[in-house]
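Chain by chain, the residues:
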Amino acid sequence: MLSGNWRPRGPRTYRYGMYRYDVVDKTLVRERVAQFRDQTRRFLAGELSDDEFRHLRLRNGLYIQRHAPMLRVAVPYGLLSSRQLRTLAHIARRYDRGYGHFTTRQNIQYNWPKLEDVPDILAELAEVEMHSIQTSGNCIRNTTSDHLAGVSPDELEDPRPWCELIRQWSTFHPEFTYLPRKFKIAVTGAAQDRAASLVHDVGVHLVRNTDGELGFEILAGGGLGRTPIIGQVVRDFLPRRHLLSYLEAILRVYNLEGRRDNIHKARIKILVRSLGIEEFRRRVEAEWNNTRAAGPVVTEEEIARLRGFFAPPAYRELPNTEPAAGKSTAFRAWYRYNTAAHKVPGYRAVYISLKKPDVAPGDITDSQMELVAHLADRYSFGEVRVTHTQNLLLADVPQSQAFELWQALDGAGLATPNIGTLTDMICCPGLDFCSLANARSIDVAKLINERFDDYDYVYDLGELDIKMSGCMNACGHHHVGNIGILGVDKGGQEWYQITIGGAAGADASLGEVIGPSVAKSDVPETLARLLDVYVERRQPEERFLDTVRRLGIKPFKERVYAAPVAA
Amino acid sequence: MPRRLLRDGVVVVDDWSYLAEAGDNPAASLILTLTEWQNDREAWLARGGRLGVVLSPAHKVDLLVPDLSRLALIGAEFSGPGEGRGYSQARLLRERWKFSGELRATGFVRRDQLIFMARSGFNSFELPDSDIDQAATALATFSRAYQPSNDAGLPFKLPLRPRDTAASA
């Protein structure tokens, strides 16, 4: 067994930055598998009631869904090794129906596992340093972050060491595993917010104060669901060493005072709203001042150790090139839309679009996962990232190899050149899979893709995000879509409510409902009318979002409802 | 039938009585509800003998702070499988108020939550008969933890405490 003098070790040398399990992490996930195997056995033997088992399985990412259990596997802050992705492919093939679904919180879901197989799945995951701990249930969920962490030119500081710190601290946290409701934390370290941190229970932003000291801005009370709210600043500067004690103060105030009598009013956003941000802040600060002496302090040594895991890979000295020059239109479009700037000359970050028109957004097959793993090994140091917009990313691709990479992706249906455009939709699984949904979302995505299949038109519209949820739990983040689509049930029929003007970034805002909901078949025409108004009235370089903000919803609303949609 | 409970890792027969169970035994160690305690505080103190108070989930531990030195036991009730306020009550009592008496989990207490309860600071547990004999095993489910905690049990990983209070194995 473990010796009493064991101390955490620093990282060895690896090709790319990622946290690696040591003997403690490995021991914990294996012991968790054994625990869950026993809990599942007791449930199947009738020793645990449905309700008792529900609380236990949920804290292990296991839902009972429309067709079968749904298992959500944690991808900590969206980072995967090629080896882990191969295991995810293997699980999709062996235990599911040959595919998985990446989510807006950078995790992966399997829709068809058998309950009695879940312990074996978890055991296979443990072998590659993965688990499903706290991916559902009323506890601290997977911490999410910027998918361009460590490579983006607009980054102040890499958030990943802090994400890993939060991951460890929050895993099996004795005080905060039975919260009033789920609790989601996002950490960002760049000017742009690519993690939707303003709609998280807590947003942690790396900032510098006027003395140049690095610390955190802490926000709380954001969230979507039935009551969408943008997070508010609780503290504008928190010294680094206090991150965990401050999070504990927020969580303790929430755990003790958050509502437990009504599931729809139990998120921290409702507590923050009912107290007001000033009173909430006062209580958090009082709690923090009272308890921080006994609370956790993050040492510089520990954060330096964690930072060591995320050291940059061995970049080569490469010239900046223009690989699209002289190539086909298709490649040029892909390079323009599906790659992003990299802080190291000669490299690009490459998006792998999981938004092919005839595929459910975020879905990927086992063989596609294996291909992506192979391409990651070949072109991007063996690392893959999941984006909160349900795509994948190879973060460190030499520009000179972009063309080869594109050819390989294109051959597998993974090069749809639509990142950041209308067809790069965020979408929940909807009524097809989810027991909560009112309406289908995947086939609406399909209708939209059919209507907007002219890339010249889509490109002309520029940056535009559509987000779609099958019910007001808002897993598809419709409130913060430039165009949001919400499935509603009207007398047993599926209808869709449309909002415009939402945004999820640093300038986050909630969309406004344009009017009565529309029938499923009318959704594409409704979108077309909204976009017509934009195209007619936009100013040069103005995004759809900015036009809506400038004009308000009135002209859009008038156009949509002026004439009935021709069926 | 005497009540068994798990205390400090060992199954024992409870040597405490709730008020309704105590009859007129003047020497009984008594567990009171907060209301019983508050209504007759002076009388209970004059009685002599050990006293304990059990808190409901909504009670603030501050209500007992002036009397911590007079209480040998504090209980926290868990009202169901999703209830979680008792974990915060326990940590506050142990860490902020340095309560060193018996801290007892009552109500819906099952083997699957024991580890969280123990690590928050509880050292005794009223478990149903179906769980009590497996409770010690359940407490040994994990051999390591990430966070420091209030049970002296598990070596933890994150070097989070200031050096003077660090108790990392």
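All values reported here derive from a predicted model rather than from experimental measurement. (Residues numbered from 1 in each chain as written. Chains lettered and ligands numbered in written order. Predicted model: local features only at pLDDT ≥ 70, side-chain atom pairs only at ≥ 80, totals over all residues.)

Now for the pairing of strand E4 (residues 99–102) of chain A. All names here are of chain A. Covered by surrounding structure in E4 are Tyr99 and His101 together with Gly100 and Phe102, the residues of both alternating faces. Bridging between E4 and strand E13 (residues 363–365) involves 3 bridges; their strand directions are antiparallel. Bridged to Tyr99 within E13 is Thr365. Sheet analysis places E4 next to strand E5 (residues 108–110), joined by 2 bridges and oriented antiparallel. Bridge pairing links Phe102 to Ile108 in E5. From the end of E4 to the start of E5, which pair antiparallel, there are 5 residues, and Gln106 there has a positive phi angle of about 65°. (Buried ≥ 20, exposed ≤ 12 C-beta atoms within 10 Å, placed from the backbone. Helix = DSSP H or I, 4+ residues; strand = E, 2+ residues; numbered from the N terminus. Pairing = 2+ DSSP bridges.)

Turning our eyes to something else, we now look at the interface of chain A and chain B. On the chain B side, the residues contacting the 37 residues of chain A number 32 residues. Per-element accounting of the side of chain A that touches chain B gives the leading share, 6 residues, to helix H1 (residues 23–44) of chain A. Of the residues belonging to the side of chain A that touches chain B, the class tally is 17 nonpolar, 14 polar and 6 charged. (Contact = placed C-beta atoms within 7 Å. Nonpolar A, V, L, I, M, F, W, Y, C, P; charged D, E, K, R; others polar.)

Residues and elements named next belong to chain A. Examined at the domain level, chain A breaks down into domain 1 (23–127), domain 2 (151–307), domain 3 (329–411) and domain 4 (426–562). Of note, the centres of domain 1 and domain 2, computed from C-alpha atoms alone, are 27 Å apart. Counting residues at the interface gives 4 residues for domain 1 and 5 residues for domain 2. (Domains from an automatic or database assignment.)

Now for the sheet that holds strand E10 (residues 232–239) of chain A. Residue and element names in this part refer to chain A. The strand order across the open sheet built from 5 strands is E6-E7-E8-E9-E10, with neighbouring strands paired in mixed fashion. At either end of the open sheet lies a strand with only one pairing partner, and these are strand E6 (144–145) and E10. By the bridge criterion, 7 bridges tie strand E8 (residues 202–208) to strand E9 (residues 214–220) in an arrangement that is antiparallel. Each bridged residue has a counterpart across the sheet, and for Arg208 the counterpart in E9 is Leu214. Each of E6, strand E7 (185–188) and E8 touches helix H5 (residues 160–170); the most contacted strand, E7, lies at about 160° to it. (Axes fitted to C-alpha atoms, helices over the stretch in contact; angles between N-to-C directions.)

Let us now look at helix H4 (residues 118–127) of chain A. All names here are of chain A. Taken as a whole, H4 has its buried residues at Val118, Ile121, Leu122, Leu125 and Ala126. One face of H4 carries all of its buried residues, which in axial projection span an arc of 140°. Turning to H4, the residues buried within the fold contact H1, strand E1 (62–64), strand E2 (69–73) and helix H3 (82–95). (Arc of directions from axis to C-beta.)

Time to look at helix H12 (residues 402–411) of chain A. All names here are of chain A. Residues of H12 that are buried: Ala402, Leu405, Trp406 and Leu409. The arc that holds the buried residues of H12, viewed along the axis, is 100°, so those residues lie on one side. Opposite the buried face of H12, at more than 90 degrees from it, the exposed residues are Gln407 and Gly411. Looking at the buried positions of H12, the neighbouring elements they touch are helix H10 (329–338), strand E11 (339–341), strand E12 (347–352), helix H11 (366–379) and strand E15 (392–398). Gly413, located one to two residues past H12, shows a positive phi value of around 70°.

All names here are of chain B. Burial within strand E6 (residues 73–78) is extensive, with 6 of its 6 residues counted as buried. Both faces of E6 are covered, namely the face carrying Leu73, Gly75 and Glu77 and the face carrying Ile74, Ala76 and Phe78. Relative to E6, strand E5 (residues 51–55) runs parallel, the two sharing 4 bridges. Each bridged residue has a counterpart across the sheet, and for Leu55 the counterpart in E6 is Ala76.

Here the focus is the sheet that holds E12(A). Residues and elements named next belong to chain A. A sheet is described by the order of its strands in space; here 5 strands give the open sequence E3-E14-E15-E12-E11, paired in antiparallel fashion. What marks the edges here is a single partner per strand, and that holds for strand E3 (79–81) and E11. Sheet twist, expressed as the average angle between the axes of neighbouring strands with direction ignored, equals 35°. Here E12 runs beside E15; their pairing, made up of 5 bridges, is antiparallel. Bridge assignment links Arg348 to a residue of E15, and that residue is Val397. Seen against the sheet, H3 touches E3 and strand E14 (383–386) and runs at an angle of roughly 85° to E3.

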